[in-house]
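Geometric and topological summary
Listed here are the chains, written in short residue letters.
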Amino acid sequence: MARLLLVAGIALTPMLSGCGLRPLYGGGSSGSVASALTQVEVSPIEGKAGWLIATSLRDRLGASGSPRYRLDIRLDDQIVGLGVRQDDSVTRERRTLRARFQLIDLTDSTVVVDATAGSDAGIDVVQSEYATIAAENTALERLSGIVADKIVARIALYAQQRESGTEAPPAAPPAPIPVP
């Protein structure tokens, strides 16, 4: 059975190249997508969640030299109680981290990507307040990495589409992210 699957996989491989499927990071660290990612500058983001996401993004993007793009991000970090006992104490929380981000081309100040990314995590509320706070902080760290991964994936997709000429123009000019 395994041999049959292997033969079928090998036989279908040429068909994949015909459908336009190609690796996002083709060319490795010297490819067009990887080099575009190194040209992104991350604007400062306020708060602890902002620092965590900005650090995660800088680690993933590997910025070097003068930037061609600026990444502006606004965060929405919420903790909502879900499970409630008869004495009105919360037993379960959901932490949601959402980011609205805009990638701005610095050559002409146009917004080339305007999107959102987010994730959420469940947290058990226990009797120890310290343990609950530690769980909330751990969830925030984990969510920051997930959201940063989603943002980098979207920027990489834009870079690939720009390189291949399949980039879709925005339907309407997006509103800029307000700065407090």
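In the block above lies the structure referred to throughout.
Residues numbered from 1 in each chain as written. Predicted model: local features only at pLDDT ≥ 70, side-chain atom pairs only at ≥ 80, totals over all residues. Heavy atoms only, no water.

Overview of the pattern of salt bridges
This structure, assessed with the given rule, holds seven salt bridges. The partner of R68 in a salt bridge is D105, with the nearest N and O atoms 3.4 Å apart. Linking R68 in the loop between α3 (47–61) and β2 (69–84) with D105 in strand β3 (residues 90–105), this pair joins segments that are 37 residues apart in sequence. The salt bridge partner of D124 is R92, with a shortest N-O separation of 2.6 Å. Of this pair, D124 sits in strand β4 (residues 110–124) while R92 sits in strand β3, and the two are 32 residues apart along the sequence. Under the relative-accessibility criterion, R92 is labelled partly exposed at 33%. (Salt bridge = Lys/Arg side-chain N within 4 Å of Asp/Glu carboxyl O. Helix = DSSP H or I, 4+ residues; strand = E, 2+ residues; numbered from the N terminus. Buried < 20%, exposed > 50% of the residue type's maximum accessible area, 1.4 Å probe, protein only.)

A look at the packing of aromatic side chains
This structure, assessed with the given rule, holds one aromatic pair. Relative to Y158, the ring of Y69 lies with its centre 6.2 Å away and its plane at 90 degrees, an arrangement referred to as edge-to-face. Of this pair, Y69 sits in strand β2 while Y158 is found in helix α4 (residues 129–164), placing the two residues 89 residues apart along the sequence. For the pair Y69 and Y158, a shared accessibility class is recorded, and that class is buried. (Phe/Tyr/Trp six-rings, centres within 6.5 Å; stacked < 30°, edge-to-face > 60°.)

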